[in-house]
Amino acid sequence: MTTNTNDTQTVLVTSATGKTGRRVAELLAARGATVRAGSRSGTTRFDWEDVSTWAPALRGADAAYVNYYPDLAAPGAVEAMRTLGELAVANGVRRLTLLSGRGEPEAVQAEEALRASGAELTVVRASFFAQNFNEGAMAEGVAAGTIAFPAGDTAEPFIHADDLAEVIVETLDGDGHAGVVHEVTGPRLLTFAEVAAEVSRASGREVTYVPMSEDEYASLLQQFGLPEPDARWLSALFSMLLDGHNASVTDGVKRVLGREPRDFTAFAAEAWAPGA
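Residues numbered from 1 in each chain as written. Predicted model: local features only at pLDDT ≥ 70, side-chain atom pairs only at ≥ 80, totals over all residues. Heavy atoms only, no water.

A. Region of interest: the side chain of S200. By secondary structure assignment, the location of S200 is in helix α7 (residues 192-203). Residue contacts for S200: discarding those within four places in its chain leaves R205, E206 and V207. (Helix = DSSP H or I, 4+ residues; strand = E, 2+ residues; numbered from the N terminus. Contact = heavy atoms within 4.5 Å.)

Structure, rendered in structure tokens:
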């Protein structure tokens, strides 16, 4: 793998406090890049809900990692990507890497809107993150012993966030990725019941998967304070993503990094090791 990063390259990392943004920023800094860690309250202010923060964060950067919140399939994402792309090109950003969802038709529309800017765009479409169970929205439920989700018995090739971050950094820092779509997954399929069993073995305590309907999950999200329209949209998105059309693995990680992706068993052993 050929790398280009030197100590003069500046990379904007959007959503830099999130699961992937934090990892991408750390890896880029280790490679010698000057990292602008964009967030709502950080030194480099970047807020997806405040377009006035975008151009100042982009200005003078060589590349940017684009991690749109809440999701590329969300209402308004297409226009946001169109605007961001125009601002990136106008401010001299030559290379963009966009994190996208695997098997999301609406996200593809947002990808196309960003590609239309003319910047060197790489798209990384990822499966569900393994870290959703210990760093994300499901971590609280896992800690309480229950994984409640509208997945039925559908299997998913969960990807380790470290693998995803390494792929993203390689696309920002290496050659041959402009115009390419990388679809990345973990090495094998697991149902949510199998995930619960893996976590149970690794943690030494029982964790149970509780399948829910789309409506039941939307109601659960509302109990946690999410407004009804957002809860219904998010529940519908998860139900669509887990209808079986994503139940396959890819060799995306190996093609980019030259090695196999990390397995969920290894992730669970590390995440729930004593003292972790």
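B. Representation of the sheet that holds strand β9 (residues 181-184). With parallel pairing, the 7 strands of this open sheet are ordered in space as β3-β2-β1-β4-β5-β6-β9. Sheet topology places β3 (44-45) and β9 at the edges, where each strand pairs with a single neighbour. (Pairing = 2+ DSSP bridges.)

C. Up close: the packing of aromatic side chains. A complete count under the given rule lists 19 aromatic pairs for this structure. Measuring from ring centre to ring centre gives 4.8 Å for F149 and F238, while their planes differ by 45°; the resulting arrangement is tilted. Residue F149 is found in strand β7 (residues 146-149), and its partner F238 is found in helix α9 (residues 228-241); the two are separated by 89 residues along the sequence. For the pair F149 and F238, one class covers both residues: buried. Ring geometry for F158 against F264: centres 5.9 Å apart, planes inclined by 55°, an arrangement best described as tilted. Of this pair, F158 sits in the loop between β8 (155-156) and α6 (161-173) while F264 sits in helix α11 (residues 264-271), and the two are 106 residues apart along the sequence. Given the relative accessible area of 3%, F158 is considered buried. Overall, F264 belongs to the buried group, its relative accessible area being 3%. Clustering of aromatic rings is evident, with ring pairs tying together F128, F133, F149, F158, F192, Y209, Y217, F238, F264, F267 and W272. (Phe/Tyr/Trp six-rings, centres within 6.5 Å; stacked < 30°, edge-to-face > 60°. Buried < 20%, exposed > 50% of the residue type's maximum accessible area, 1.4 Å probe, protein only.)

D. The arrangement of the packing of α7 against α11 in detail. Their axes nearest at 8 Å, the elements α7 and α11 cross at an angle of 40°. Taken together, the axes of α7 and α11 lie oblique to each other. As α7 runs across α11, the sense of the crossing is right-handed. In this structure, α7 uses V195, E198, V199 and A202 to contact α11, whose residues at the interface are F264, T265, A268 and A269. Here the contact of α7 with α11 is composed, by residue class, of 6 nonpolar, 1 polar and 1 charged. (Axes fitted to C-alpha atoms, helices over the stretch in contact; angles between N-to-C directions. Parallel < 35°, antiparallel > 145°, perpendicular 65-115°, else oblique. Left-handed = near helix turned anticlockwise from the far one by under 90°. Nonpolar A, V, L, I, M, F, W, Y, C, P; charged D, E, K, R; others polar.)

E. Local environment of the packing of helix α8 (residues 214-223) against α9. Close contact between α8 and α9 brings their axes to 8 Å; oriented N to C, the two are set at 140°. Considering their axes alone, α8 and α9 lie oblique with respect to each other. For the element pair α8 and α9, the recorded crossing hand is right-handed. For the pair α8 and α9, contact is made by E214, D215, Y217, A218, L221 and Q222 and by E228, A231, R232, L234, S235, A236, F238 and S239, respectively.

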